[in-house]
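Geometric and topological summary
Given next are the chains, with one letter for each unit.
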Amino acid sequence: MADPKFTTELASLLEQVTAPNSEIIKAASSKLQKEYYTEEQCVPALISILQQSPSQQIRQLAAVEVRKRILPYWETLDGALRSQIRSSIVQSTLNEPAAIVRHASSRVISEIAKLDMPNNEWPELPAYVHKAATSTSANEREIGVYILYSLLENMDAAFSSRLGELFAIFSQTISDPDSQAVRTDTMLALGKVAEILDSDGDSDSEYITMFRQFLPGMVNVLKQLIENGDSKALDQAFEAFQSLLWVNSSIIGKSLGDLMQFMLEIAQNSNFDDSVRSLALQFLTNAVRYKRMKVQGLKIGPLLTSTALQLAGDTMEAIDDEEDEDSVPRLALRFVETLSSTLPPSQVMNTLIVEIPKYLSSPNSNYRRAGLLSMSVAVEGAPEYVSTQIKLVLPVIVQGLQDPVLEVRVAALHALSQLADHLDDAISKEHEILLPLVFNMMDTSDSKVAKASCTALDAMVQNMEEGVMAQYLPTLMSRLLSLLAQPVSDVSVKGPIITAIGATAHSSKKQFLTYFNTAVHSFEPFLAFTEGDKELDVKAMAFDALGAMASSVGEQAFTPFAQPLVEAAYGCFQITHSRLRESVYYFFGILAKVYGRQFAPFLPRLMPEICKSLEQDETGFDQHDDVEIGDVDDVDPWENIQVNSALAIEKEIATDVVGDLAAGTKEDFIPYLDEVSKILIGLVSHFYEDIRRAAVGSLWQTVGVVYEAAHLEKWQPGLPVKVPLPDAVLQYAHLVRSATLEAFDEEDDRIVAMTICDNLAEIIRLCGPAIIADDTEPIATQVLAILKKSHRSQTMDDEPEEEEAEDAAESDVQLIDSAMDVVVSLAAALGPDFTNYFKTFCPIFLKYCSSSSDGERKSGVGALAEIVNGLKGSITPWSSQLLKSFLHRLPDESVEVRSNAVYGLGLLSEFSQSADEIVAVYPKIFQKLQQLLVSDVENFRSVGNICGCVARMTYSHPERVPLSDVLPPLVYSLPLKDAFEENDPIYRLIVQLYKNQDPTVQGLTERILQALETVFGNESTDNKQFESDEIRTSVIELLRYINQSNPGMIPADSSIARAISA
């Protein structure tokens, strides 16, 4: 063994490490690291101390330390010495009286075995362990099973051929009659066995069938631990059950539902400690997240939702403990949030909308509060569904805002904020009801109410129409500026007020000029802050609001303030506060959009700071030389890895802003591309999904900048490429495309996959077929995987169900929709050359058109319509299939599906060369369109698509259209209030009819002029009323003709007159 003097000195230093004096600990730790742990003899010395020290604490510390030194030194030790250690350590572990030391010693055995067993250098170990695990002595069984558990944890692959032996042992120990420790460690070991079965990849293995037989025994052990109240063992036990969620679903088979029911019972049992109920809720949340398809197939979403809602109500009082993030009510609400974002609205949101009004009627304010907070966390997962139920949701919010209990009113404000954030104008339209209630709550001394009311106001006005905003602007700004000026003890109250001012500026646009100077000056005290977390958070919000103001008032009004504010923003880079840096980056990004290429002189000073944020390491590794001795068996090195979430978010924002800066400064950004693109490409594979998302988005924005800087003529569809790209564009696009497609194949996050699809679709629309070069095939492959619901981002650790689900979560539908958008863009870019791909895609799209999910039908029908637009006449071979599908969707229960089907029929009429087949159903189509024009009159997009369809059908086959019956309803539906792209076919038809001197259209001239007055009156660079400049020009020529033919018919001060004279 080791030199006795060395061992004695080492033992003495270990004793000093445990002394209650930080200076002594620090000195001893340093000496151990520099003088003792650098010697290979530290291994036998520590083993000797582990086996002989009279102090339990020192024995445990020796075990922990020697385990760390096995890997670097074991194989350098003399063979005889290693043999001596092997033979002694098993026996000393069996003889060790303290369980915590036995466990630490067992882990030393597993560390040695990890190196020895692959080389067959410790062949007798399995026999030793088997003998101990099956011993008649409960103490020896405990040690034997724990060593097995340690071995499985450390070297699971070595046991894949020994599963039969393990199961034979565990079949006895899982129900050990004498020892809870044996039963518990068996359960933990079985969790590791599940991981072995998962890594084998054989879902039909006989061992999987055998493993399932242990699940009832594992549940029984967990029940026993709950009854015993062993908190440490409970944490480990729940972790073992959590591990079952990471493995292939076949391993637990149909037991998932039973396990979830068991966990529901634990979570609902108020007799259990809250820590136990919290662990059960965490299991349920992860089960939904990682086995979502299985859970969806079980159709237990309504049960899970109602239970989570009930739990939130039962335990709501505990939610005000802000330090306890894992309290039962917080976890119950987190469970609701996960359910809503993961399962279909029919299983979750529908249940909430039915149940929450009942909670609002409860005499118990905790239930009223729980109902509103549940709506608050759930709406993000199903905004489209909630928007269809707004008439049921709105009364709940109004009732909550008028509740006599302050906490309930605050919960209602939180719910209102989330609804306004995610439902856009659906909430803003209810301003007459909601804004007065929010105004009333703003006048308060309670900081929580003040923050919540300003946050709700911010969300509501963010999407409010400019005209509506004018009604409230004077009152709103007067109130907000007054609140901002009032002295308060808690400066954080000012943040939401400042944010609300920014939102007001955003929605009121140029109307905000009246208040702009006053608002900027009112921010000055907050911009002067240089320290304090709350103060710097408020300063960050001030920069957010200033960015919104700059965007609204424009370059000219903002310029007098620009220089001092930019200098103040630069000064923030010297302050270590991630939230402030985020806001400053956003501020600069907005200024780049406002000033365009004029912002370029700021880049030399700004880009080094951006790159510094992009390259910072948001992870750390806390390596402690000393080890705290207590109720731990060992130290897991992975637990020392820290992720600084604030730095990660700062990096995400900086990554996003790169794209904004590039888009604003255009070709002036190109000199920075070489450095920044290398960093961004590295971030495409970052572990944090939001950074990956931002990197993909910014990279493709820069590709667009490089393309536009080449000033090429408009691309033309089809191959070979008719408008070639310069080498610089091709090379940079190849660089970004390669990184994107490599990441796409491995991407497991739906939002990132969606971002990749969205950016591919957008860049193809902008740059045409040349931008994808030879990568059409891999792009199509990834998109096809998404459409088949087999992409990694859709399955994650779950496997798709054999039977198609009846419904889908909205996030799943959004990913499908984004993938379809890529196919639409490919069809437009490749034109006739896309037909070979469409042979594969068409059956899948048609299947979506008949999906039981409204969202999937809407996406499928809409995408097929756009593909018709892209393929033009090349769609003809599929005319019969598409015609049948579009007709079948005309009576669909969803107005959006009906609208998309109408749009598709119009395009098919225009482009298909199967004229006889198309015109044969004209009477049927016109009859249905007439009905839809009445039933869907309040859906402005539907009205636009109906009018566009009629126009296309008419000018494509005029001989089959009863013009005198069809044209008046079309004209009297004008001007369009949505679907403005349909102005092109509508006015193409009208111009054509005037050229043909058609009497029907001539009789509608006055009405047509009224419609065009609105069209040209609303026209702006941000609000194009015509897709085609050619159509717009022909309309203006028509107006000139009408003006000449009918002097005085067009007023001189009209928008039409101005358009004519331009």
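Residues numbered from 1 in each chain as written. Predicted model: local features only at pLDDT ≥ 70, side-chain atom pairs only at ≥ 80, totals over all residues. Heavy atoms only, no water.

To continue, consider the overall build of the protein chain. A count of helical and extended segments in the protein chain gives 54 helices and two strands. A compact globule built from 1062 residues would reach a C-alpha radius of gyration of about 31 Å, and the protein chain, at 34 Å, matches this within 12%. If you line up the protein chain on its principal axes, its C-alpha atoms span 115 × 70 × 70 Å. Looking at the protein chain as a whole, 56% of its 1062 residues are labelled buried. Intrachain contacts of the protein chain at a sequence separation of at least 6 include 74% that bridge at least 24 residues. As presented, the protein chain carries roughly 44,900 Å² of accessible surface, and 49% of it is formed by carbon and sulfur atoms. For the protein chain, the distance from the average position of its 84 positive side-chain charges to the average position of its 150 negative side-chain charges is 3 Å. (Helix = DSSP H or I, 4+ residues; strand = E, 2+ residues; numbered from the N terminus. Rg over C-alpha atoms; globule rule 2.2 N^0.38 Å. Buried < 20%, exposed > 50% of the residue type's maximum accessible area, 1.4 Å probe, protein only. Contact = heavy atoms within 4.5 Å. Areas by Shrake-Rupley, 256 points an atom, 1.4 Å probe, with all protein chains shown as cover. Lys, Arg positive; Asp, Glu negative; His and termini not counted. Charge placed at Lys NZ, Arg CZ, Asp CG, Glu CD.)

With that out of the way, let us pick up the pattern of salt bridges. A full pass over the atoms with the stated rule returns 50 salt bridges. One salt bridge connects Lys858 with Glu384, and the closest N-O pair in it is separated by 3.8 Å. Placement of Lys858 in helix H43 (residues 854-871) and of Glu384 in helix H22 (residues 383-388) is noted, with a sequence separation of 474 residues between them. The closest approach of N and O atoms between Arg898 and Asp936, which form a salt bridge, is 2.7 Å. (Salt bridge = Lys/Arg side-chain N within 4 Å of Asp/Glu carboxyl O.)

Moving on to helix H38 (residues 750-767). Along its 18 residues, H38 runs 26 Å from first to last C-alpha, staying within 8% of the 26 Å computed at 1.5 Å per residue. N-cap assignment for H38: the residue whose side-chain oxygen lies 3.0 Å from the backbone N of Ile751 is Asp749. (Expected span 1.5 Å × (residues − 1). Polar contact = N/O pair within 3.5 Å; in protein donor to acceptor, adjacent residues only side chain to side chain.)

Within the secondary structure layout, Ser231 lies in helix H13 (residues 231-246). Residue classification places Ser231 among the exposed positions, given a relative accessible area of 51%. Ser231 sits 45 residues away from Val276 along the chain, and the two C-alpha atoms are 8.3 Å apart.

For the protein chain, the mean per-residue pLDDT works out to 92, and 96% of the residues sit at or above 70. This model gives residues 621-641 a pLDDT under 50, and the stretch forms 40 contacts once residues within four places in sequence are excluded. (pLDDT = per-residue confidence, 0-100.)

Once that is clear, we can look at the nonpolar core. Soluble, globular proteins show a tendency: their nonpolar side chains are buried together. One finds Phe211, Ile501, Leu787 and Tyr987 to be the most contacted residues of the largest nonpolar core, which totals 388 residues. The element best represented in this core is helix H31 (residues 533-571), accounting for 18 residues. Apart from the residues within four sequence positions on either side, Phe211 is in contact with Phe167, Leu190, Val193, Ala194, Leu197, Met218, Leu244 and Ile251. (Core = buried A, V, L, I, M, F, W, Y, C linked by side-chain atoms within 4.5 Å.)

Here the residue pair Leu719 and Pro720 is connected by a cis peptide bond, since its omega of -5° sits within 30 degrees of zero. Turning to its location among the elements, Pro720 is positioned in the loop between helix H36 (689-709) and helix H37 (727-746). A positive phi angle, near 45°, is found at Ala773, a position not held by glycine. Inspection of the secondary structure assignment puts Ala773 in the loop between H38 and helix H39 (776-787). The phi dihedral of Gln997 falls on the positive side, at around 55°, and the residue is not glycine. Assignment of secondary structure puts Gln997 in the loop between helix H50 (983-995) and helix H51 (999-1002).

Before going further, it helps to examine the packing of helix H48 (residues 940-956) against H50. Running from N to C, H48 and H50 point in directions that differ by 40°, and their axes come no closer than 8 Å. Between H48 and H50, the crossing angle belongs to the class labelled oblique. In the crossing of H48 with H50, the sense of the turn from one axis to the other is left-handed. Across the interface between the two elements, Cys947, Gly948, Ala951, Arg952, Thr954 and Tyr955 of H48 pack against Pro985, Ile986, Arg988, Leu989 and Gln992 of H50. Of the residues contributing to the contact of H48 with H50, the split by class is six nonpolar, three polar and two charged. (Axes fitted to C-alpha atoms, helices over the stretch in contact; angles between N-to-C directions. Parallel < 35°, antiparallel > 145°, perpendicular 65-115°, else oblique. Left-handed = near helix turned anticlockwise from the far one by under 90°. Nonpolar A, V, L, I, M, F, W, Y, C, P; charged D, E, K, R; others polar.)

Before going further, it helps to spend a moment on the packing of aromatic side chains. Counted according to the given criterion, the structure contains 28 aromatic pairs. Pairing Phe6 with Tyr36 gives two aromatic rings, centres 5.0 Å apart and planes at 45°, and the pair type is tilted. Here Tyr36 lies in helix H2 (residues 22-36) and Phe6 lies in helix H1 (residues 4-17), a separation of 30 residues in the sequence. Neither Phe6 nor Tyr36 differs from the other in exposure class; each is buried. Above the face of the Tyr570 ring, Arg605 is positioned so that its terminal group lies 3.8 Å from the ring centre. Residue placement shows Arg988 over the ring face of Tyr955; its charged tip is 3.8 Å from the ring centre. (Phe/Tyr/Trp six-rings, centres within 6.5 Å; stacked < 30°, edge-to-face > 60°. Lys NZ or Arg CZ within 6 Å of the ring centre and 35° of its normal.)

Remark: H36 packs on H37, axes separated minimally by 10 Å, with the N-to-C direction vectors making an angle of 165°. Relative to H37, H36 is oriented roughly antiparallel. As H36 runs across H37, the sense of the crossing is left-handed. Together, Leu699, Trp700, Thr702, Val703, Val706 and Tyr707 of H36 and Val729, Tyr732, Ala733, Val736, Arg737 and Thr740 of H37 make up the contact between the two elements. By residue class, the composition of the contact of H36 with H37 is nine nonpolar, two polar and one charged.

For the rest of this paragraph, the subject is the side chain of Gln616. Within the secondary structure, Gln616 sits in the loop between helix H33 (603-615) and strand S1 (619-621). According to the relative accessible area criterion, Gln616 is buried, its value standing at 19%. The residues touching Gln616, leaving out its near neighbours within four places in the chain, are Leu647, Glu650 and Lys651.

Here the focus is H39. Three or four residues apart is the spacing at which side chains of an α-helix point the same way, because the helix has 3.6 residues per turn. Across its 12 residues, H39 extends 16 Å between first and last C-alpha, which sits within 8% of the 16 Å expected from 1.5 Å per residue. Buried residues dominate H39, accounting for nine of its 12 residues. Buried within H39 we find Thr776, Ile779, Ala780, Gln782, Val783, Leu784, Ala785, Ile786 and Leu787. In this structure, the buried residues of H39 make contact with H37, H38, helix H40 (792-795), helix H41 (810-830) and helix H42 (835-849). After H39 finishes, the residue Lys789 shows a positive phi value of roughly 60°.

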